[in-house]
2 protein chains.
Amino acid sequence: MTPSSTSPTRPVPPRDPQVLPLLPLVYVAWSDGILDAEEMDKICRRMKEITHLSPETRKIMEGWLDPENPPGGGELAHLRDHIQELAEGVPWEERRSLARLGVAMARSSGGGPEHWGTARGLQTLQGLEQLLGVLGSEAARELLSSRGASSLSDTEGRVPAQRPPPPFDVGRMTRRLELESETIRARVLPLLSAPPLKIPYGLPTPEYREQVLQAVQRLADAGLGRTGLPREWGGEGDIPSSILAFETLAYGDLSVLVKFGVQFGLFGGSILQLGTERHHREYLAKVVSLELPGCYAMTERNHGSNVREVETQARYLAESEEFEIHTPYPGARKDWLGNAALHGRMATVFTQLEVDGEEHGVHAILVPIRDDEGHPLPGIEIEDCGEKVGLHGVDNGRIAFHRVRVPRENLLNRFADVTADGRYISPIPSDGKRFFTMLGTLVTGRISIAAASVSASKTALAIAIRFSDARRQFGPSGQPQVPILDYLTQQRALLPRMAGSYALHFATRQLIRDYSATSSEEERVRVEAMAAGLKAYGSRHAQETIQACREACGGRGYLAENRLGTLRADTDVFTTFEGANVVLLQLVARGLLTRFRDEMGDLRLWGALRFLADRAGAQAARRNPVRSRRTGEDHLLDPETHRAAFLFREDQLIHSVARRLKARVDDGMDSFQATNECQDHLVALARAHVERRILESFLQAVDETTETAIAKELEELAQLWALWRLEEDRAWFLESGYMESTQTQAIRQMVNQGCRRLRDRAVPLVDAFGIPDDILTAPAAFHDPSR
Amino acid sequence: MTPSSTSPTRPVPPRDPQVLPLLPLVYVAWSDGILDAEEMDKICRRMKEITHLSPETRKIMEGWLDPENPPGGGELAHLRDHIQELAEGVPWEERRSLARLGVAMARSSGGGPEHWGTARGLQTLQGLEQLLGVLGSEAARELLSSRGASSLSDTEGRVPAQRPPPPFDVGRMTRRLELESETIRARVLPLLSAPPLKIPYGLPTPEYREQVLQAVQRLADAGLGRTGLPREWGGEGDIPSSILAFETLAYGDLSVLVKFGVQFGLFGGSILQLGTERHHREYLAKVVSLELPGCYAMTERNHGSNVREVETQARYLAESEEFEIHTPYPGARKDWLGNAALHGRMATVFTQLEVDGEEHGVHAILVPIRDDEGHPLPGIEIEDCGEKVGLHGVDNGRIAFHRVRVPRENLLNRFADVTADGRYISPIPSDGKRFFTMLGTLVTGRISIAAASVSASKTALAIAIRFSDARRQFGPSGQPQVPILDYLTQQRALLPRMAGSYALHFATRQLIRDYSATSSEEERVRVEAMAAGLKAYGSRHAQETIQACREACGGRGYLAENRLGTLRADTDVFTTFEGANVVLLQLVARGLLTRFRDEMGDLRLWGALRFLADRAGAQAARRNPVRSRRTGEDHLLDPETHRAAFLFREDQLIHSVARRLKARVDDGMDSFQATNECQDHLVALARAHVERRILESFLQAVDETTETAIAKELEELAQLWALWRLEEDRAWFLESGYMESTQTQAIRQMVNQGCRRLRDRAVPLVDAFGIPDDILTAPAAFHDPSR
C-alpha cells in the first residue's frame, strides 16, 4: 500500500548534521524530474565539491547523486519520509526555502549546524537551491506535505506517516479470522475482482440489472449456488460454506449479493426445505444452474412483518386437482420480490390455503410466472417496484394473481399435503406451529444477512481508517499537519466500531457453527433466536458504522467513487428485510421469556412471568457491589468483569420486564397492550442478550487462539469493544446500582486509552480483514462528466 | 389528505342494532362499482323489503339506497370508517362473510341482534350477500383493511383510522410557526410546486444539472437572489428573508437549494462582504440575475477544515499591476466547488498572498474561469468531481490555476489592499484576525444550513408520521391490525424527533433575528458561535431524523418515490460542508472558554482556565439536590426544571474541561495535545451549550404565543423534547450526581407518556409544518421499468 514498503537499495544518509541540510535538495533534485541530464550533472558536481564531509558520509552521498543510477520511486519515498520525520520540529517560518529548512532540520535534530550555520554555508545551499530552479517555499511545502505527484490524476496527495511495525503479522491475523473459510474465500475472492462481478458504479438501472444477472450466472457456473445442497442433488452438503460464500460476496457488489441470495438461498432454499423429493428432482438442478430463476413471494403490500396474515388465497379445486391462486385486492399483492420485475420464471408463493371450504393457514406453492420467452403468464400481473434507495441492480417487483391455476403437485408438501381426493393432511396439527416451522427457511437468510452486514462494516472501516491515517489536517502551531486519525474524536468514531466488527465476526462464525451442528429442537429454537438477534444487531452495526465512516472521510466520503454512499444505501434495507429489526428483537425477547417456561416444565407464559417476577427480589442480592465498584485498570480490563456485567444486565432486564408485564396482566390488561407498553424494555433485553452472546463468542475466540501475538491483539480488541459497550449503556448500569460514577468515568477514560493504544495498529488491523485492494474502491462507469 | 375530511351529505346510520348488520352490505354494494343498474336496483328493493325497521331508520337507509343518488367517495369512506370502528371488537373468525360480520358487529356494539340473531335473519343477510356476487370473506377483508381501491395503481391500500380532532387549529399553528416568514413563503412555495423547480427524481446527471440551472434561473427571475442585497444595489436589504427563502426552498429539491446558495449566498455574498464599491457596481447585478454564475473557491483538496493554510498562491506583479494565481501541486487544487464543473464563469479564490516577497496570509481574489462560450480560460484547468453520494444536480468541480494573471482590481479589498505601486495595506494588522474577519462570509451560510436542515427533518417526519398512522401491522389477537404509530418503539423513534424539529425551528428563527440585530463585536462573536453550533446540531438532527424515518417506513421507505433516500443522501453532506461538525463544535467550545477571558478583562486563555478550574470546587455546592431529586410529574414537566438541568450541565462541563486542560498545560503538555486529549469533552460542552440555547428559544417562543391552544401544544412539545434530551444524556446527570436513578427512570416513563399523549396529534402536528402535499412526494422521471 505505502511506498515505504519498498525497501531502498541504498542506505538512507545518516543523521549527520553535516549531511542533513543537503537532503531536501537531493530529494527535490531527483523528484522534480524536469531537469535535463546536463543540469543534473552540474548539481551533482556542485554537491560533491562540498569539502567538509567525512569519507563515509561522502560515499553515501555519492551513491545518492549518481546520474547513471538515479534512485527509484520507492527509495525517494523512503528518503522523503526520513526528511518529514526530521522536519517535524521545524517551525513554519523556517520552511520557506529548502536551504533554510535544511539548516533548521540540522539544528532541531540536536547537532549544531556547524559549517552550515554560517552565512557562507547558507549561501552554498541557496546557490544549490537556485540551480534547481524551483520556488523554495513551494518545493518545501510539497516535500513536507505531499506525495509530490505531478499530475491532476493524483487522488490523494498524501503519504501516510511511517509507523512502527505492528506487533502481529497481518497475514496470520487474516488466517486466524478466516480459519473456517479459507477454501471458500479462495474460490470467491478472485471472482469478485473481475467482470462480470466487478461492476462499475453509476450504470443505468437496466444495464446494471443485466450485469448483475450475468454475475449471478457466473457464480452459478462456478458452482457456488450448489454449495449448501445435499450431495444427492449434486451439491456439496456444506451449509456453513454456503453462508461463508455469501459473507465473502458481501465485500463486492451488494446487488449481486442480494440477487444471489434470492435465487439460491430463498427460492432454492424454499424448494429444498419445504418441498419433497418430487420437487427436488424436478427443480433443484435448474435452480442452482440459474436455468430457472425464481422468486420468494412471501411479503405482501399490506403484510410485511405480519406474514402470518398474508391475504393471497389458494383454494383447492378437487374436480381438476388444482389450486387456484388469487390476489383478492391490491393490498394483497406480493411485493418487494427480488427477481420478479425481470428475470424470475417461477415463484414460491406463500398463501392462505382453503380446502373444501376450510382454511388451514399459510402454505407455500410453486407458481410459474413467466414463459420461456420471459413474458408473464396469463393471470400473472407483474409490476416493477421502481427505483429504490439502493440495490439498483436487483429487479424487485410486485405480483398479483388473477385466479391462476397450478397442479396439486406444486404444493411444497413437506409439512402438509392435499391428497388427490381433496383431503388436507399434515403431521403438524396446529396452523401456528406449521407456519413457524415453514418460517425456518428464513433462518439461513438471517444468518447470512448478519454475516454480510459484518463484511460491509469491514469494507467501510478499511476505507475510512486508511484514509484517516493518510489525511492530514491542522496540527501543533508551526508544525506539519497531523493525520486526522490522531484526533480523539476520529479515533472514537472508528476504532471501537472496528473492534465491533471483530466481535461480530466471531459471533457470526459461532452462529454458523451452531446452526450446522443443531440436533435437538431446543438447540434449533436457540439458534433461530440468535439468528434473528444477530441479524438485527449486525445490520444496525453496519448502518451506524458506515455512516460514521462516511462522515469520518468528510468530503472525500461523499464521492461516489469511494463507495461509502453506495454501501450505506445498499445495506440500509438490511435493517428491514428478512424481518424488521424491531420485530426480530421482540422475537428474541419473547424467546427468552418463553425459555423460562420450558425450563420450568409446562407452566404457561404468564406463569413464567410470575415466577420470574418473584425471583427478581432475590436476584438483587446476587450483586457484588464491592467487586463491581472497583475502578482499577486490571479489574476493568478483566474479561470476567465484562462478562459479569453483561450477564447481570441481561438477568436484571429479564426479571424487570417480567415483573412489569405481570403487573399489567394482573391488572387485566390484554397481552398485546401489555407487551406494547414494555416494548422498549423488551428491545433492551434482546440487545443485552445478543451483546452478551457476542462477548462470549469473542472471549472464546481469544481463548482458542494459539499464537500469542494474535491472541494478545484480539484480547485488546475484545477489551475495547466490551468497555465501549459498557460505556454506551452506562446509564443503565448507574441506574441499576451496579456501577458508580467513579467506575463509569474510569471506563470512559479506558475507552479513550484503548483508542490511543490501537491507533498505530488500526491500519494493520483493517488490512487483516483481508479485503483485496482492488475491490476496496469502485470502478466508475463514467469519467466523462457530460454523460 | 384523508377521505374522512370530506363531510358526508347524508347522515351516517345510527348505532341501531337493527341497522348495523346491513351496513357492510350497503358499503360493498356501492363501493364495488361492478354491479349494473338493474342488479343494484334489485338489491335496493330487497333491502327496503326488510320489515322490522323503525320509520326514522328506514328513512335514513332509503337515503343510502337511492340508485338515483349514489353516495360519493367521501361518504363511502366515512361509512367505511364507521364500520371499521364498529368492527374493532369482532374476532377474526366472525369476519369470513359480510353477513356474519354484520351480526357480530351488532352483538359487540351492545344491543342484542334481535331479529338478525335468528336463523332467518342470518339467511336474509346471506341472501343479500349472494346477490352482491362477492366472495364474503374477501369483501369483509377488503372492507376492514383497505381503502377498497380496485386497481393496481393504488399505492397505499390503507385508510388512517379516524382520530379525535386535534385540540388546536392546524392552520393557526402554521401561522404561529411562520410568523416572520409568511410573505417570503408565499413567494417561494408556489414556485416549488411547479417546473422547473419541481424536478422528477431519477434524471440522468447531465439533464438533472441543466434543470437545476433552470430552476436557479427561475429563482433569480423571481428576484429571490437579491433579497439580502442592500437597496442601493437593487436589493431588498432583507437578510432574514434571504435566509427564510433558503429555509423554504429546502422543502423542495436540495440540489436547487445548494446551487442557489452557492450562487447568491457564497459567490454573491463574498463580493458583497469582502469587496468594495468597484466590485459591487461591476458584478452584483450580474450575480443576482445569474448572468454571471460563479464559484466560492475556498476548500482545497488537502485543506478542507484547515482553510487558513490553503496552498493556492497569489503573487503581486508590480510591473503589470497584476496578481499571478498559481496552484503549486495537485493537492492544492480548489475542490468541491459548486458551479465549477459546468456553469461558473468566475470564482472568488481564497489564496495566500505574497507582495514583494512578503506573505500576508489568505485573501480573496476574483478570477474569471470561463469565457462567454463556457470554455475554460487559458491556465484554468477544471475537473468534474464526478458522481457524488447525493446532490447529483450540483456541478461540483476542481480547479487548478497555472500562473493565471488577473488585474490588481480583482482583489476583494474591503479588509486589505495592494496599492498600484505595490504596497500592501490593511486596517487589520494581524493576518489571523483578518482571516477570521473574512470567514464572516460563512456565517450566513451556516445559519442557512441550520435552517435547511430543520426543513429537511420536517419533510421526513411528515412523510414517516403520516405513513405510520396509516400503515397497519399486527394487533391484538383476533382483531384488526393496528396502525404502526400505536407501537411504543415507533412513537419513540419519531415523536421526540418531531418535537426536536419544533425546537430547532424556534432556535434557528431566534438566531436569524439575533444575526440581523447584531451591533456590537461581542454580539457578533456570539452569533457566529451559535451559527456554528446550530449548523452542527441541526445537520446532525436532520441526519438522525431522516434515518429514523427511513427505517420507520420499512420497505416503503426504501422506495425512491418516497423521497427519504434522496433526502438522506442530499443532506448527508450538511454535516461536512460549511465546516465539518466536529470542527465547528470545538470552535463553539473554545469560544465559551475564551469568553470567560473576555469577561475577566485581559487575562490570557490559560489564565482563564485557572480561574475556571478554581471556581469548579465552589460550583459543586450550587447544586440543590433536594430540588433536583424530586420525581413528581409537576416537577419533571416544569420548564424551570429543564432549564436548571441544562444550565447545570453546561456550567459543570465548562469548569471540568477547564480543569482538565489546565492540569495538562501545567504538566508542560502543549496546547494542541492537551486540547486533543479533551476533545470529546469539548464537543460535549459545545452540544450542551447549543442544547441549552435551543431550550431557551423554545421556552421563549411558548411564552410569546398568545393563543392558548397553540401555546399549550408548544409547551407539551417543549416538555417532550427537553425530557428526551435529559433522558439521552441521563448517564451524565447520574455521574455528576445531579440526578438519581429514581429520577432518570421517572423521566424515561415521562417520555413514554409524552409519546402516547402526542400520538393522536402527531399527524396534525406535522401537517402544521405547512409543507404542501404536492411536494411531499417526488415525481418520478421514469415509470418505464425498461429505462
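Just so it is clear, the model here is predicted, and its values are computed rather than measured.

**Some thoughts on the overall build of chain A**
Scanning chain A from terminus to terminus reveals 30 helices and 11 strands. Across the 787 residues that make up chain A, the buried fraction comes to 60%. When the accessible surface of chain A is split by element, carbon and sulfur atoms take 50% of a total near 29,200 Å².

**Considering the interface of chain B and chain A**
In this complex, chain B contributes 111 residues to the contact, which on the side of chain A involves 108 residues. Both sides together, the interface formed by chain B and chain A hides about 9,100 Å², and carbon and sulfur atoms give 50% of it. Viewed at the interface, chain A and chain B are joined by 12 salt bridges. Residue Glu551(A) is joined to Arg540(B) by a salt bridge in which the shortest nitrogen-to-oxygen separation is 2.4 Å. The interface formed by chain B and chain A holds 55 residue pairs in polar contact (both at pLDDT 80 or more) in total. Of all the elements, helix 28 (residues 741–759) of chain B adds the most residues to the side of chain B that touches chain A, at 7 residues. In terms of residue class, the side of chain B that touches chain A is made up of 33 nonpolar, 36 polar and 42 charged.

**With respect to the packing of helix 8 (residues 170–177) of chain B against helix 16 (residues 488–517) of chain B**
Residues and elements named next belong to chain B. Close contact between helix 8 and helix 16 brings their axes to 11 Å; oriented N to C, the two are set at 35°. Contacts between helix 8 and helix 16 pair Met173, Arg176 and Leu177 from the former with Tyr502, His505, Phe506 and Arg509 from the latter. Looking at the contact of helix 8 with helix 16, its residues break down into 4 nonpolar, 1 polar and 2 charged.

**Quick notes on the sheet that holds strand 7 (residues 380–384) of chain A**
Residues and elements named next belong to chain A. Pairing is antiparallel across the open sheet formed by 3 strands, whose spatial order is 4-8-7. Each edge of the open sheet is held by one strand with a lone partner, namely strand 4 (334–337) and strand 7. Between one strand axis and the next, the sheet turns through 25° on average, direction left out of account. As judged from the 2 bridges shared by strand 4 and strand 8 (residues 397–401), these two strands associate in the antiparallel manner. Of the residues in strand 8, the one forming a bridge with Leu337 is Gly397.

**Examining the sheet that holds strand 4 (residues 334–337) of chain B**
Residues and elements named next belong to chain B. One open sheet accounts for 3 strands, arranged 4-8-7; its pairing is antiparallel. Looking at the sheet topology across the chains shown, the edges are occupied by strand 4 and strand 7 (380–384). Neighbour-to-neighbour, the strand axes of this sheet turn through a mean angle of 25°, independent of strand direction. Examined bridge by bridge, strand 7 and strand 8 (residues 397–401) share 5 bridges and lie antiparallel to one another. Within strand 8, the residue paired with Ile382 across the bridge is Ile399.

**Here's the deal with the relation of the copies chain B and chain A**
Each of the two chain copies can be generated from the other by rotation about an axis followed by a shift along it. Overlaying chain B on chain A yields an RMSD of 0.1 Å, the required transformation being a rotation through 180° with an accompanying axial translation of 0.1 Å. In symmetry terms, the pair is related by a two-fold rotation axis. Ranked by how close their C-alpha atoms come to the rotation axis, the residues of chain B are headed by Ala731(B), at 2.1 Å. Comparing interface residues between copies, 97% of those in chain B also lie at the interface in chain A; the contact surface is shared.

**Re the pattern of salt bridges**
Opposite charge on two side chains allows them to pair when their charged atoms are near. The full count for this structure, using the stated rule, is 101 salt bridges over all chains. The residue Asp384(A) makes a salt bridge to Arg209(A) at a minimum N-O spacing of 2.8 Å. Highlighted residues: Asp384(A) in strand 7 and Arg209(A) in helix 10 (residues 205–221), separated in sequence by 175 residues. Residue Asp384(A) shares its accessibility class with Arg209(A), and that shared class is buried. Put simply, Glu521(B) and Arg524(B) hold a salt bridge, and the shortest N to O gap is 2.7 Å. Of this pair, Glu521(B) and Arg524(B) both sit in helix 17 (residues 521–552), separated by 3 residues, roughly a single helical turn. Among the residues examined, Arg524(B) registers a relative accessible area of 31% and is labelled partly exposed. When salt bridges that share partners are traced, they join Glu178(A), Glu180(A), Arg185(A), Glu247(A), Arg509(A) and Arg513(A) into one network.

**Re helix 12 (residues 254–274) of chain B**
Bending of helix 12 of chain B peaks at approximately 30° at the position of Val262(B). The backbone nitrogen of Ser255(B) has a side-chain oxygen 2.8 Å away, supplied by the residue at the start of helix 12 of chain B, namely Asp253(B).

**Here's the deal with the pairing of strand 2 (residues 313–317) of chain A**
Within a regular beta strand, the side chains point alternately toward one face of the sheet and then the other, so they alternate between its two faces. Residues and elements named next belong to chain A. Among the 5 residues that make up strand 2, 4 are buried, leaving the element largely enclosed by the rest of the structure. As judged from the 5 bridges shared by strand 2 and strand 3 (residues 322–326), these two strands associate in the antiparallel manner. For Gln313, the partnering residue across the bridge sits in strand 3 and is His326. The turn linking strand 2 back onto strand 3 is made up of 4 residues, and Glu321 within it adopts a positive phi angle of 50°. Here strand 2 runs beside strand 5 (residues 346–355); their pairing, made up of 3 bridges, is parallel. By the bridge assignment, Ala314 is partnered in strand 5 with Leu353.

**Quick word on the confidence of the model for chain A**
All names here are of chain A. Of all residues in chain A, 86% have pLDDT values of 70 or greater, and the mean over the chain is 87. Predicted confidence for residues 1–8 stays below pLDDT 50, and this span has 12 contacts to residues more than four positions away or in other chains. Note that residues 620–627 has pLDDT below 50 and, in this model, 11 contacts with residues that lie over four places away or in other chains. Quick note on the complex model: pTM equals 0.81, ipTM equals 0.80.

**With respect to helix 10 (residues 205–221) of chain B**
Residues and elements named next belong to chain B. Look at helix 10: 24 Å from first C-alpha to last across 17 residues, which is about the 24 Å you get at 1.5 Å a residue. Restricting attention to buried positions, one finds in helix 10 the residues Thr205, Tyr208, Arg209, Gln211, Val212, Ala215, Val216, Leu219 and Ala220. On its buried side, helix 10 packs onto helix 9 (182–192), helix 11 (239–249), helix 12, helix 13 (277–288) and strand 7. Directly beyond the C-terminal end of helix 10, a positive phi value near 80° is found at Gly223.

**Regarding the packing of aromatic side chains**
All names here are of chain A. As enumerated under the stated definition, the model contains 28 aromatic pairs over all chains in all. With centroids separated by 5.0 Å and ring planes inclined at 65°, the aromatic side chains of Phe260 and Phe264 adopt a geometry described as edge-to-face. Taken as a pair, Phe260 and Phe264 lie in helix 12 (residues 254–274) at a separation of 4 residues, close to a single helical turn. One cation-aromatic arrangement involves Arg649 over Phe646; the distance from NZ or CZ to the ring centre is 5.2 Å. Above the plane of the ring of Trp724 lies Arg725, whose end atom (NZ or CZ) is 4.5 Å from the centre.

**What about the environment of Leu366(B)?**
All names here are of chain B. As for its placement among the helices and strands, Leu366 is situated in strand 6 (residues 358–368). Linking Leu366 and Pro24, residues 342 residues apart in sequence, is a C-alpha distance of 74 Å. Not counting chain neighbours up to four residues away, the residues in contact with Leu366 comprise Phe267, Ile271, His279, Tyr283, Met346, Ala347, Thr348, Val406, Asn410 and Leu412.

**Remarks on the state of the cysteines**
All names here are of chain A. This structure, assessed with the given rule, holds 0 disulfides over all chains. Residue Cys549 stays outside any disulfide, its sulfur separated by 6.6 Å from that of Cys553, the closest cysteine. Cys553 sits in the buried class, given a relative accessible area of 6%.

**So, the environment of Asn396(A)**
Residues and elements named next belong to chain A. By the secondary structure assignment, Asn396 is in the loop between strand 7 and strand 8. You can call Asn396 buried: its relative accessible area is 9%. Considered as a pair, Asn396 and Asn339 are 57 residues apart in the sequence and their alpha carbons are 6.0 Å apart. Discounting residues that sit within four places of it in the chain, Asn396 has contacts with Arg209, Trp336, Leu337, Gly338, Ala341, Asp384, Cys385 and Lys388.

**Some thoughts on the environment of Thr227(B)**
Residues and elements named next belong to chain B. The residue Thr227 is located in the loop between helix 10 and helix 11 in this model. For Thr227, a relative accessible area of 0% translates into the label buried. Here the alpha-carbon distance between Thr227 and Ser242, two residues 15 residues apart in the chain, equals 5.3 Å. Contacts of Thr227, omitting those with residues within four sequence positions, involve Ile184, Arg187, Glu236, Gly237, Asp238, Ser241 and Ser242.

**Brief notes about the side chain of Ser697(B)**
All names here are of chain B. Mapped onto the secondary structure, Ser697 falls in helix 25 (residues 679–703). Within the local environment of Ser697, its side chain forms a polar contact with the backbone oxygen of Arg693, the two atoms lying 3.0 Å apart. What Ser697 contacts, discounting residues up to four positions off in sequence, is Phe506, Ala507 and Gln510.

So, how was this worked out
Residues numbered from 1 in each chain as written. Chains lettered and ligands numbered in written order. Predicted model: local features only at pLDDT ≥ 70, side-chain atom pairs only at ≥ 80, totals over all residues. Heavy atoms only, no water. Helix = DSSP H or I, 4+ residues; strand = E, 2+ residues; numbered from the N terminus. Buried < 20%, exposed > 50% of the residue type's maximum accessible area, 1.4 Å probe, protein only. Areas by Shrake-Rupley, 256 points an atom, 1.4 Å probe, with all protein chains shown as cover. Contact = heavy atoms within 4.5 Å. Buried area = accessible area lost by both parts, 1.4 Å probe. Salt bridge = Lys/Arg side-chain N within 4 Å of Asp/Glu carboxyl O. Polar contact = N/O pair within 3.5 Å; in protein donor to acceptor, adjacent residues only side chain to side chain. Nonpolar A, V, L, I, M, F, W, Y, C, P; charged D, E, K, R; others polar. Axes fitted to C-alpha atoms, helices over the stretch in contact; angles between N-to-C directions. Pairing = 2+ DSSP bridges. Least-squares fit on C-alpha atoms with pLDDT ≥ 70 in both. Bend = angle between axes of the 7 residues up to and from the residue. pLDDT = per-residue confidence, 0-100. Expected span 1.5 Å × (residues − 1). Phe/Tyr/Trp six-rings, centres within 6.5 Å; stacked < 30°, edge-to-face > 60°. Lys NZ or Arg CZ within 6 Å of the ring centre and 35° of its normal. Disulfide = S-S within 2.5 Å.

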